Every structure is written in structure tokens, then in C-alpha cells.
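Working through the structure, step by step
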Amino acid sequence: MKYILAIDQGTTSSRAILFDEALQVSAIAQEEFPQHYPQSGWVEHDAADLWSTVAGTCRAVIERAGITATDVAAIGITNQRETTVVWDRNTGQPIHNAIVWQDRRTAAICNALRDEGHQDMVSERTGLLLDPYFSGTKLKWLLDNVEGARAKAKAGELLFGTVDSYLIWKATGGTSHVTDATNAARTLLYDIRKGRWSRTICDLLDIPTSMLPEVRDCSADFGVTRDDLFGRAIPILGVAGDQQAATIGQACFQPGMLKSTYGTGCFALLNTGATPVRSKNRLLTTIAYQLDGTPTYALEGSIFVAGAVVQWLRDGLKMIRHAAETQPLAEAADAGQNVVLVPAFTGLGAPYWKAECRGAIFGLSRNSGPAELARAALESVGYQTRDLLDAMHLDWSGETNSGAKEATLRVDGGMSASDWTMQFLSDIIGASVDRPATLETTAMGAAWLAGLRAGLYPDQASFSEMWALERTFTPQMSGDLRDRKYQAWRRAVDAAQKF
Ligand SMILES: Nc1ncnc2c1ncn2[C@@H]1O[C@H](COP(=O)(O)OP(=O)(O)O)[C@@H](O)[C@H]1O
Ligand SMILES: O=P(O)(O)OC[C@H](O)CO
């Protein structure tokens, strides 16, 4: 029996998942690592923690399954996207903590670039917006603020990478400085149409192109691990950013297919096929996957707070002890009250992009309590998804909320386990929501990419047929109530922005 080892390096933990020849999960290991918040709005990871938890969970999962590295045909990597690492080519030492995707420290750089009129040029090339979310301005900040960094970068002594790149460099003993097209597409430095680093944007941000990794297909040769790492060299044959890997794991291979992942945040990707669609509604254009040199594009909506609102009920308000307790609370809530929670704890993402907006609660009465708050928290995830899907459908077919007429929404991620939330989601978008039998879709996407290259797993068509449904949620709410509730949400978001 041969296995594929999938590495899922996420924002709060690293996971290693072993898939067998039938693409079934054999073993899982997971390890959390510290988050660093040096200032308000700043989020950092120690790159050494990312590497040690990845190496540690990989070794653990091999041991747990009672196999050896000889049984592992290939490694697939999927990762938190945009997070930026810069390290010394000679010593391998990072010059600073990694700056995490959530970090807002480059807001001023982005505002200045926007004021100078660069938004259109950047969007046209990268599909992205001038927002601190993406890697480019984080890299510029590091070169501007770490002593001696720019001179060393110009001398060719420093390397840049998103997390995949850094992990590959470490795993291969510094022999491979590469990334894949989906991760490159999140840097703000990559021309997604031409398929190469944009010299114009690198010049604008004063970033030497010699620092940038070589960009490969998602299913390709990324290097082989050092012999001493797992006892035998293993080839790394698949790489994709985590939301793209989930799109692959959900087998969203046809234009019009749509997935939404509910973890800490929520990321919805709509496959738009061979042509990049430029959003008129402030969504992102990105690469869904690239196989055999051909990119497939997607429209993406990114929400920064989804499951995190449940974490806030648990850790901030101490209203619940476990995320699943929100369901009985929401069921018990008084249906006559319309409490609306706007969870803009770290600003609003797509389609609003209001970094300075903060959260708000509307419609409280003397009778409002934990049940109404829990319901409002879960509902906020549905409303935010509706915002994204309305924008997507406008970009894609020119109609608002044509979801009901199109392919259903495929969901995954920790919060998709909440039946109540998934039913409300279906009600408020007025379309079916499909939850797959395997919720490990992100890791499965990475495993499939590697297994495809290794000759272990089937092609796209056969892989699509393996996708299995666990449950479909269909709309139960009347159209009238749906409209009234959604309009109340829109008023609440407007009011929160004006505060
Ligand atoms: N039964 C549930 N009901 C509501 N929220 C849940 C439930 N189970 C998990 N969550 C939420 O899902 C998130 C975890 O999902 P996960 O996919 O592991 O996230 P990430 O990869 O971002 O760490 C947490 O924010 C948690 O609050
Ligand atoms: O690590 P996750 O699952 O929170 O995903 C983070 C996204 O890739 C950020 O763009």
C-alpha cells in the first residue's frame, strides 16, 4: 500500500494527513503554535514554529500509521495564503517573524498607493485590491523596516516566499526555491494573465525580482526532501493555497461551480474557467488551479470573521464552552426578535473592504439574551455569504442572487458542521447547500495534486465522481421573510460603517 502525505499549514495549527491509495484518511496529526500580536492590528508567526510543527506532525502521522517513509509516494502541501516570510539565502535564517495575512500594518502603504492612482494597474495585473491582506506590501514593509534588508536583498542574499515556498526550501535543505501559481496569485506581485512576476509592480514596491521563487503548476516537481528528514527522500509533487486546495478537494472543476469554506474566516470561490473575470463588485480574481501549464481562474470573496464569531461567544463573552452549544441556543431564540450582529472585529472584507469598520449589534430589547445573540452570530455568517454570492452572480451572470438557478453551493470547514447555520445559509441565499461526506477537503485537494503527479490517483473526471454527498440543505424560509431579514442586515452593515 502506498500513501500520500498532505501537509495543511494553517493560520492557527499545522496538520499532517495521510491518505491511502483509495484517497481515504489513514491518520491525522495536528499541532497548534503561538500567535504573536506585537501591536494592535499586527499578527505574526515565528517561521521556525511553522517549520517545526510541520516536520513534527509529519513524523507523528507516519509513526501513528505504523508505516515508514518508503511507503509514502509523495507529499502535497497546502497552506495559509499571503503570509510573508523573508530569509537569508546563506544561513537559512528568517530576517523577521512571518507577517500573517490578517496583519493590517501596511494600511498606510496601501492608502498611499491608491492615492497615487495605482489601483487600476495593480488590479488589472494581479486581480487583487490594494489591501494589507496581500503579501506585496508586507514584503515592502520588511525591506523598509528591517535594518540592512534592502541592501542585502539587492545583493541577492535574501529570499521571499509564501509559507509553501518556505516549507519547501526547509524540507529540501535549501535546494528548491519554488512556489505554485495559486500562491503566487496572492502576492500582489504576480501577473495572473501573463503567468509571470510583474516587473512594473516589483519596481513600484522596490522589490528585487531575484528574491522571488520560481512559479510551477500545482501538480509538478517541487523538489525532494532531505534524506535525514524522514529517513528517506520523498518527492513534493503538489502545492496549492488552502482555499484553492479546498476548491479542488470539492471537485469544483466546471465553470459555475462554487465552494465556500467556513473556518476562522470564510472564503468562497467560483470557478470561472479559462478566462479571468474582472469583478465590478469588489471581489478578487485569482487562480483556482494550474495544471499542464493552463490556469483555471476563479472569483473569490473573502470574509475575515466566520467561525471566529463563535470563538468570540466562547472566549470573549464566555457565553458557551463549546462551539456546538450555539445550535441549541439558536433553536431556542425568540423568533419575534430581530437581533443583527455585524462581526466586523477586524474590519469588513469582501465586498465592502472597510479596514477601519468595527463590529456592532442592533435590535436589542430587554428580552434579548444569549439565545438571540447566538442566533445573530450564526446568522451573520449566512448574511455575509449572501453578500458575496450576490456580488459573484452579478459579475458572473449579470443577475443578483441567481444562486437558485445555478449549481448549488458546496460547503466545508469546521463551521459547516453546524446544521442550524447551514440551514439558515440555504434559507438566506435561497439555494441548495451541499455538505460532502469528507470534510477534509483542503488536505484532500493537496493530496490529489501530489497523487496525480505520482500516478497514484485518477484524473479530474474520475476524481469528481468520487465526490460524495453527506447532506443537502434546501431553502425552507418564505421569500418575504428572506427579503425582510436580508434588508435588515444591509441596514445594519450600513449603520456599522457610519459609526
Ligand atoms: N458545531 C459548530 N458550530 C459553530 N461553529 C463551529 C462548530 N464547530 C466548529 N466551529 C467553528 O469553526 C471554526 C474551526 O474551523 P476550522 O476549519 O478548523 O478553522 P481554521 O482552519 O480556520 O482553523 C472555529 O472558528 C469554530 O468556532
Ligand atoms: O489558515 P486558514 O484556514 O485560516 O486560511 C487562511 C487563508 O488562506 C487566508 O487567505
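Just so it is clear, the structure is predicted and the values come from calculations on it, not from any experiment.

1. Thoughts on the site of ligand 1
Around ligand 1 there are 17 residues in total, and Gly 263, Thr 264, Gly 307, Gly 414 and Ser 418 lie nearest to it. A per-element tally of the shell around ligand 1 places helix α11 (residues 307-316) first, with four residues. A breakdown of the residues in the shell around ligand 1 according to their chemical character gives six nonpolar, eleven polar and no charged.

2. Here we look at the domain arrangement of the chain
Along its sequence, the chain is organised into domain 1 (3-242) and domain 2 (251-436 + 468-499). The C-alpha centroid of domain 2 is placed 27 Å from the C-alpha centroid of domain 1. Each side of the interface is counted separately: domain 1 has 18 residues, and domain 2 has 16 residues. Of the residues that constitute the side of domain 1 that touches domain 2, the class distribution is eight nonpolar, six polar and four charged.

3. Describing the site of ligand 2
Taken together, Gly 10, Thr 11, Gln 80, Arg 81, Glu 82, Trp 101, Gly 241, Asp 242, Gln 243, Gly 263, Thr 264 and Gly 265 make up the full set of residues adjacent to ligand 2. A breakdown of the residues in the shell around ligand 2 according to their chemical character gives one nonpolar, eight polar and three charged.

4. Some remarks on the pairing of strand β8 (residues 158-161)
Where burial is concerned, the two faces of β8 agree: the one with Leu 158 and Phe 160 and the one with Leu 159 and Gly 161 are both buried. Relative to β8, strand β6 (residues 85-88) runs antiparallel, the two sharing four bridges. Residue pairing for β8: Val 85 is matched across the bridge by Gly 161.

5. Focus: the nonpolar core
Core analysis: the largest hydrophobic core is formed by 154 residues, its most contacted members being Ile 4 and Leu 5. Take this core: its biggest share by element is 13 residues, from helix α13 (residues 370-397). Contacts of Ile 4, omitting those with residues within four sequence positions, involve Phe 19, Ala 73, Ala 74, Gly 76, Ala 447, Ala 450, Gly 451 and Leu 456.

6. Describing the UniProt feature "domain: Carbohydrate kinase FGGY N-terminal" (unreviewed entry) in the chain
Per the UniProt record, the feature "domain: Carbohydrate kinase FGGY N-terminal" (unreviewed entry) sits at residues 3-249. For residues 3-249, the helix share is 34%, the strand share is 23%, and the end-to-end C-alpha distance is 17 Å.

7. Some remarks on the sheet that holds strand β21 (residues 433-436)
Within the open sheet, the seven strands sit side by side as β16-β17-β15-β14-β20-β21-β22. Their pairing is mixed. This sheet does not close on itself; its edge strands, each paired only once, are β16 (284-291) and β22 (469-473). Strand-to-strand twist of the sheet, defined as the mean angle between neighbouring strand axes without regard to direction, takes the value 30°. Looking at chain direction, strand β14 (residues 258-262) and strand β20 (residues 409-412) are connected through four bridges and run parallel. The residue bridging Lys 259 from the neighbouring strand is Arg 410, located in β20.

The rules behind these values
- All residue numbers refer to position in the chain's written sequence, counted from 1.
- Here the convention is simple: chains get letters from A, ligands get numbers from 1, in the order in which they are written.
- The predicted origin of the model limits local features to residues at a pLDDT of at least 70 and limits the giving and counting of side-chain atom pairs to 80 or more, whereas totals for whole chains, interfaces and linings rest on all residues.
- Residues are counted as near a molecule or strand when the C-beta atom, derived from backbone positions, lies within 6 Å of that molecule or strand.
- Numbering of helices and strands starts at the N terminus; helices are DSSP runs of H or I of at least 4 residues and strands are runs of E of at least 2.
- Amino acid classes used here: Ala, Val, Leu, Ile, Met, Phe, Trp, Tyr, Cys and Pro are nonpolar; Asp, Glu, Lys and Arg are charged; the rest, including Gly, are polar.
- Domain delimitation follows an automatic or database domain assignment.
- Here the contact rule is simple: place C-beta atoms from the backbone, and any two residues whose C-beta atoms are within 7 Å are in contact.
- Working definition of burial: number of other C-beta atoms within 10 Å of the residue's own, with buried at 20 or more, exposed at 12 or fewer, and partly exposed in between, all C-beta atoms being placed from the backbone.
- Note on pairing: DSSP must find at least two bridges between two strands before they are called paired.
- A set of buried Ala, Val, Leu, Ile, Met, Phe, Trp, Tyr and Cys residues, joined through C-beta atoms within 7 Å, is what we mean by a nonpolar core.
- UniProt positions are given in the numbering used here, feature names are shortened, and annotations may be inferred rather than shown by experiment.
- Throughout, an axis means a line fitted to C-alpha atoms (over the contacting stretch in the case of helices), and angles, computed between N-to-C directions, take values from 0 to 180 degrees.

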